[in-house]
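Coordinate inspection notes
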Protein chains: 2
Amino acid sequence: MSRNTKILDEARQIVARPPAVILCEPQLGENIGTAARAMANFGLTDLRIVNPRDGWPSEKARAAASRADHVIDNVKVFDSVEAAIADLTFVYATTARSREVPKPVRGPDEAAQKVVSLGVTGLATGYLFGRERWGLNNDEVALADEIVTLPVDPDFASLNIAQAVLVCAYEWRKTATAGALPFRLSEEDNPPAAKDDVLRFFEHLEGALDNVTFFRPPERRPHMVRTLRNIFQKAELTDQEVRALRGVVAALEKRRPRPRKDEPGADETSAPDPDGDA
Amino acid sequence: MSRNTKILDEARQIVARPPAVILCEPQLGENIGTAARAMANFGLTDLRIVNPRDGWPSEKARAAASRADHVIDNVKVFDSVEAAIADLTFVYATTARSREVPKPVRGPDEAAQKVVSLGVTGLATGYLFGRERWGLNNDEVALADEIVTLPVDPDFASLNIAQAVLVCAYEWRKTATAGALPFRLSEEDNPPAAKDDVLRFFEHLEGALDNVTFFRPPERRPHMVRTLRNIFQKAELTDQEVRALRGVVAALEKRRPRPRKDEPGADETSAPDPDGDA
């Protein structure tokens, strides 16, 4: 494993108990499998299925799960939603349309906050998902504490079940890890340049440009210098990048201004000095 | 359309220009189609494909798009990433693993902030996604301004392309609509009860319990009253719910305490008074 593929520790630091995912009467094994894969992507493992139409186990589910075997092997099958949620303390019902049920409606991000805060104290929670065709009925929604819905385009609101599972699982992990990503730009491997080094590069560049009377008329020099410095300030240069840029300027400096075509060495460019010191 | 399926206006209010989605050399038409569907779910329409392995148009893509025909019909095909992003001003490269490229790495939520803020000023942005098998190469990543990666479980990080598109599109719309959901619990349809009505319900309940000498010993009454009141305070009762509860208490009150089994009417319960007034 190279140093650049190392995984940041905080991406694995989760203290909250992960929620269960309950699929109510799913019709297609493929959807169970892709839901399992989406769960595994974000660290969920407790998949419960209520009355799967085509029975269980399902080879189609296992194939679609793309090696999320630990989720598939751990699946529990129930014959009612009541039985599937019996050991949980807080349940979200996911639904894509408004209900007659007077229950709070949350986004997946708000739901994740609640599920993580309960999960940190070790309490068991779950997300209940409905059938492919028509979701959950009102009695099933009534079993839940609150409703989750996604901020979809109201004109194209039909989401695949596995996609809905994915977004809830994504928000859960994002919240549980406080947004930790598996990797970031490493400041250790790419240390930002010290201001002094950046300044010496600026002076090097500006001196080189003075030599070829780039700043014309001279009274425009301060303005033009500021423009150039701003360009490189925005780039938040690393140590290594400053050295590379000094090498570039040094290399260009060795070309005389306006060489004639028949002059030897007119098109010659030196390789940049790897140390960046001219 | 019933009053409960009405869509909240703010779920449609988007001023930011939506980003383009660029798929680099996708192999499977199904993945192009499910990516198109995920885009449509969150209001994106500009899908660009660089060198699709199986050519274009693709019937498999159209079938997998589940009626996101407006995205499929609008697809543009390019023969290089450079051409596909030429008109954009800010591009995110999505990648699941760390790179040798010293570029800022963002989560999908951070990327959405940038894309929306540029999009509000009308600037064109895009997300670049790599091949199913091995993503983007370093030269392609170098064409982008910044990197996006998802906060996945590092031990199960392999995400389907359409799933990655979905999460980016979801974060974009969530940010662009400031988290507006298509529906919420309507306070108009379910007005919260006035404190006065809640208090009258409490007094009704407590009077009924006094009549059956529920509060024993009497010095425990204040504590038990607080316990009961807290239960119902937490429920954030609506107008209608307070009326229903008063109906329940009134109905129970009509039963004499401790009826004997052989007494007529022992199991009789009156229907709750719909007005809730005993």
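Preceding this section is the structure that the text describes.
A brief structural summary. Fair warning: this is a prediction, and the values are worked out from it, not measured in the lab.

Reading the values: the criteria
Residues numbered from 1 in each chain as written. Chains lettered and ligands numbered in written order. Predicted model: local features only at pLDDT ≥ 70, side-chain atom pairs only at ≥ 80, totals over all residues. Heavy atoms only, no water. Salt bridge = Lys/Arg side-chain N within 4 Å of Asp/Glu carboxyl O. Helix = DSSP H or I, 4+ residues; strand = E, 2+ residues; numbered from the N terminus. Buried < 20%, exposed > 50% of the residue type's maximum accessible area, 1.4 Å probe, protein only. Pairing = 2+ DSSP bridges. Contact = heavy atoms within 4.5 Å. Axes fitted to C-alpha atoms, helices over the stretch in contact; angles between N-to-C directions. Least-squares fit on C-alpha atoms with pLDDT ≥ 70 in both. 1 Å grid on protein atoms, 1.4 Å probe; cavity = no way out; pocket = protein on both sides within 12 Å on 5 of 7 lines; lining within 4 Å. Points joined across faces, edges and corners; volume = space filled by probe spheres on them. Nonpolar A, V, L, I, M, F, W, Y, C, P; charged D, E, K, R; others polar. Parallel < 35°, antiparallel > 145°, perpendicular 65-115°, else oblique. Left-handed = near helix turned anticlockwise from the far one by under 90°. Buried area = accessible area lost by both parts, 1.4 Å probe.

**Description of the pattern of salt bridges**
What the rule picks out here adds up to 36 salt bridges over all chains. Measuring nitrogen to oxygen at the nearest pair gives 2.7 Å for the salt bridge that ties R12 of chain B to D155 of chain A. Of the two residues, R12 of chain B is situated in the segment before β1 (20–24) and D155 of chain A in the loop between β7 (146–148) and α7 (161–176); the pairing between them involves two chains. Ionic pairing is found between E110 of chain B and R184 of chain A, a salt bridge with its closest N-O pair at 3.2 Å. Of this pair, E110 of chain B sits in helix α5 (residues 108–120) while R184 of chain A sits in the loop between α7 and α8 (195–211), which puts the two residues in different chains. Given a relative accessible area of 31%, E110 of chain B falls into the partly exposed group. Several salt bridges converge on common partners, so that one network encompasses D109, E171 and K174 of chain A together with D109, E171 and K174 of chain B.

**Here's the deal with the sheet that holds strand β3 (residues 76–78) of chain B**
Strand-to-strand pairing in sheets goes through backbone hydrogen bonds, with the strands running parallel or antiparallel. Residue and element names in this part refer to chain B. An order of β3-β2-β1-β6-β4-β7-β5 is seen for the seven strands of this open sheet, with the pairing classed as parallel. Of all the strands in the sheet, the pair left with one neighbour each is β3 and β5 (105–106). Pairing of β1 with strand β2 (residues 47–50) involves four bridges; the strand directions are parallel. Among the inter-strand pairings, C24 is bridged to a residue of β2, identified as V50. In the packing of α5 onto the sheet, contacts are made with β4 (90–94), β5, β6 (125–129) and β7 (146–148), and the angle to β4 comes to roughly 160 degrees. Those strands touched by helix α7 (residues 161–176) are β1, β4, β6 and β7, and its axis lies near 155 degrees from that of β6.

**Brief notes about unusual backbone geometry**
Residues and elements named next belong to chain B. For the peptide bond that leads from W56 to P57, omega is 5 degrees, which places it in the cis range. Tracing the sequence through the fold places P57 in the loop between β2 and α2 (59–64). Look at the link from R216 to P217: it is a cis peptide, with omega at -10 degrees. Secondary-structure assignment places P217 in the loop between α8 (195–211) and α9 (221–234). Located in the positive-phi region is T213, a residue other than glycine, with phi close to 45 degrees.

**Here's the deal with the relation of the copies chain B and chain A**
Mapping chain B onto chain A leaves a residual RMSD of 0.0 Å; the transformation is a rotation of 180 degrees accompanied by 0.0 Å of translation along its axis. Put plainly, the chains are arranged around a two-fold axis. A shared binding surface is used by both copies, with 100% of the interface residues of chain B retained as interface residues in chain A.

**Side note on empty space enclosed by the protein**
Residue and element names in this part refer to chain A. Within the structure shown, the criterion is met by one cavity of 30 Å³ or more. If you add up the space inside the largest cavity, you get close to 40 Å³. If you go around the largest cavity, the residues you meet are P26, Q27, L28, G29, I32, P52, R53, D54, G55 and S58. When grouped by side-chain class, the residues that make up the lining of the largest cavity number four nonpolar, four polar and two charged.

**Quick word on the packing of α8 of chain B against α9 of chain B**
Residue and element names in this part refer to chain B. Closest axis-to-axis distance for the α8/α9 pair is 11 Å, and the angle between their directions is 135 degrees. Compared by their axis directions, α8 and α9 come out oblique. In the crossing of α8 with α9, the sense of the turn from one axis to the other is right-handed. Between α8 and α9, the contacting residues are K195, L199, F201, F202, E203, L205, E206, L209 and D210 on the first element and R221, V225, L228, R229, F232 and Q233 on the second. Here the contact of α8 with α9 is built from residues that sort into eight nonpolar, one polar and six charged.

**Here we look at the interface of chain B and chain A**
With 63 residues of chain B at the contact, the number on the chain A side is 63 residues. Sorting the residues of chain B by area buried against chain A places P151, F156 and F183 of chain B first, and these three jointly supply 15% of that buried surface. Summed over the shared surface of chain B and chain A, the result is eight salt bridges. Mapped onto the side of chain B that touches chain A, the elements with two or more residues apiece are α1 (29–41), β5, α5 and α7 of chain B.

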